[in-house]
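Close look at the chain arrangement
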Amino acid sequence: MTELERKQDRAPVPSEWTYASAPEARDIVTLQERYGHYVGGEWLEPRETYTTISPATEEPLAEVGQATPEEVQAAVAAAREAFSNGWSDIAPSERAKYLFRIARILQERSREFAVLESLNGGKPIKESRDVDLPLSAAHFFYYAGWADKLEYAFPNQRPRPVGVAGQIIPWNFPLLMLAWKIAPALAAGNTVVLKPAETTPLSALLFCDVLRQAELPPGVVNIVTGDGRTGAEIVKSEGVDKVAFTGSTEVGKAIQRELAGTGKKLTLELGGKAANIIFDDAALDQAVEGIINGIYFNQGHVCCAGSRLLVQESIYEPVVEKLKRRLTTLRVGDPLDKNTDVGAINSKQQLDKIQELVASGAEEGAEIYQPPCRLPEKGYWFAPTVFTNVAQSYRIAQEEIFGPVLSILTFRTPEEAVEKANNTPYGLSAGVWTEKGSRILWMAERLRAGVVWANTYNRFDPSSPFGGYKESGFGREGGRHGLEPYLELT
Ligand code: NDP
């Protein structure tokens, strides 16, 4: 025995291995007690308010405006005036400068925004810090580059801005969805009225400060907060020329009905029930990481989450075993702790929905597995969950759960994998894990999904278009394609 081995032999064995907590400092964020609506470059005192909370602790964070129809109309009027009085006519290279400025300010203030995003939304700080913020800034950089090159993006088509864009975003990626919406709209020369989700308004409100810092002309971007009624008011406003919506399929359908026959442009980015398909020649450990990232990233509050795992029958057992083992290492808890992998569920309403669907899975006959983990007493939490023995007809295999819940199914042949993957009303994304390039291409051709990831999952880039088929909506965001809905092309 060496000296080192003797020492190790005598060292007390810890009873439990845990990570020491590593909380991100919260005091980088200064919250106001009360926020108004950002209209025409000014703060409009709201007539009605509600309280926005931290889903991890249920602690109230601030009072936020619940926009009335009159307040929405004021925002639309400010956007119209800014459109007509300069913004649509300024040199495109000038528009680009504002976008570059916004991108750089977001980078400079990224820690502040990341903490706020985790505080108000419940997502782990390592995700808001390493994904939401860098991608939000990248979106503004990317579209800044297009602003003065629209003629090259759409040759011989005389691209012109549409006018006022009404934009409604969800709570799963509050700042990133704002960036996906605002950056292409401004690059194309439009003005904007945007409504963040009721539960996550704070990063959009802090973004107004960025707009002021960037000296964006008043009225080019207006932000009104409130619940679904505020969104509905934006949709039906006569002063809005184009509506961009990300959220549930149900609300998306209602918006489409409302706009039918009005001539307003519309893009819808709706739900999904993506298949993540693992072939028996895939690198299994990497695939298991891809499965984890596919469904537990952002608590599964991801429209393109890989919520249906399709495993080739011959490797079913090792995959499930590795997956369960990996699940026990996921750290669930304080979103502001840098070690946290799975944060809080965004709202009580969403938690109820997850619980109801999970109960239906157990009732219908699927087998549930949850790793042992201690959930905080306050706040909204749900343990990472896996269902095996899932039939295609079960609700957990058909409906979007939008939570950290995975349903595992099996297949034998590539044809069967395609058939099962496409057996859903949705068509947003899919994942394929195999070492054969030819099989990846064969699968990608047949999967009815807007995005197909190969040997990876949940990868985003501003230059890559994103959007769905069928009930996942229409229109694309990102890339050159993402400019098109904001332009009249003749
Ligand atoms: P919603 O579709 O209701 O919310 C998306 C946005 O639309 C929010 O800003 C919301 O406001 C607003 N909104 C709600 N009703 C209307 C309306 N009638 N007209 C215009 N805008 C409206 O999604 P939920 O937050 O209710 O989530 C429900 C389910 O939707 C989730 O469980 C999930 O399955 C799915 N979902 C999918 C998303 C995606 O990225 N594809 C994102 C979010 C949810 P408010 O916040 O006040 O409700």
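Here's what I pulled together on the structure shown here. (Residues numbered from 1 in each chain as written. Predicted model: local features only at pLDDT ≥ 70, side-chain atom pairs only at ≥ 80, totals over all residues. Heavy atoms only, no water.)

Here the focus is the pattern of salt bridges. Here the structure, examined in full by the defined rule, presents 29 salt bridges. The salt bridge partner of Arg-325 is Glu-321, with a shortest N-O separation of 3.4 Å. Residue Arg-325 and its partner Glu-321 are located together in helix H12 (residues 316-327), separated by four residues, close to a single helical turn. Accessibility assignment for this pair places Arg-325 and Glu-321 in one class, exposed. (Salt bridge = Lys/Arg side-chain N within 4 Å of Asp/Glu carboxyl O. Helix = DSSP H or I, 4+ residues; strand = E, 2+ residues; numbered from the N terminus. Buried < 20%, exposed > 50% of the residue type's maximum accessible area, 1.4 Å probe, protein only.)

Here we take up the sheet that holds strand S13 (residues 308-312). Pairing is mixed across the open sheet formed by seven strands, whose spatial order is S14-S15-S16-S13-S12-S17-S18. Each edge of the open sheet carries a strand with a single partner, namely strand S14 (367-369) and strand S18 (451-454). On average, adjacent strands in this sheet sit at an angle of 20° to one another, irrespective of strand direction. Direction of pairing for strand S12 (residues 275-278) relative to S13: parallel, over a ladder of four bridges. Bridge pairing in S13 links Ile-277 to Leu-310. Along the sheet face, helix H15 (residues 414-422) touches S12, S13 and strand S16 (405-411) and points at about 170° away from the line of S13. (Pairing = 2+ DSSP bridges. Axes fitted to C-alpha atoms, helices over the stretch in contact; angles between N-to-C directions. Contact = heavy atoms within 4.5 Å.)

With that out of the way, let us pick up the pairing of S16. Among the seven residues of S16, six are classified as buried, and the element is accordingly described as predominantly covered. Judged from the five bridges that link them, S13 and S16 form a sheet pairing that is parallel. Considered in S16, the bridge of Gln-312 is made with Phe-411. As paired elements, strand S15 (residues 385-388) and S16 share three bridges and run parallel to each other. Among the inter-strand pairings, Thr-385 is bridged to a residue of S16, identified as Val-405.

Another aspect to go through is the packing of helix H4 (residues 110-121) against helix H8 (residues 202-213). Remark: H4 packs on H8, axes separated minimally by 9 Å, with the N-to-C direction vectors making an angle of 155°. On the basis of their axis angle, the class for H4 and H8 is roughly antiparallel. Counted together, Glu-112, Phe-113, Leu-116, Glu-117 and Asn-120 of H4 and Leu-202, Ser-203, Leu-206, Phe-207 and Val-210 of H8 form the full contact between these two elements. Taken together, the residues of the contact of H4 with H8 break down into six nonpolar, two polar and two charged. (Parallel < 35°, antiparallel > 145°, perpendicular 65-115°, else oblique. Nonpolar A, V, L, I, M, F, W, Y, C, P; charged D, E, K, R; others polar.)

Once that is clear, we can look at the sheet that holds strand S5 (residues 60-65). A sheet is described by the order of its strands in space; here three strands give the open sequence S1-S5-S4, paired in mixed fashion. Edge strands, defined here as strands with exactly one partner in the open sheet, are strand S1 (34-35) and strand S4 (49-53). Of the strands in this sheet, S1, S4 and S5 touch H8, which is tilted by about 70° from S5.

We now examine the packing of aromatic side chains. One pass over the full model with this rule turns up 13 aromatic pairs. Centroid distance Trp-180 to Phe-466: 5.3 Å. Interplanar angle 65°. Geometry classified as edge-to-face. Taken together, the residues Trp-180 in helix H7 (residues 174-187) and Phe-466 in the loop between S18 and strand S19 (473-474) connect sequence positions 286 residues apart. Neither Trp-180 nor Phe-466 differs from the other in exposure class; each is buried. (Phe/Tyr/Trp six-rings, centres within 6.5 Å; stacked < 30°, edge-to-face > 60°.)

Note on placement: Val-451 falls in strand S18. Along the sequence, Val-451 and Thr-424 sit 27 residues apart, while their C-alpha atoms lie 15 Å from each other. Beyond its immediate chain neighbours, meaning those up to four positions away, Val-451 contacts Leu-428, Ser-429, Ala-430, Pro-465, Phe-466 and Gly-467.

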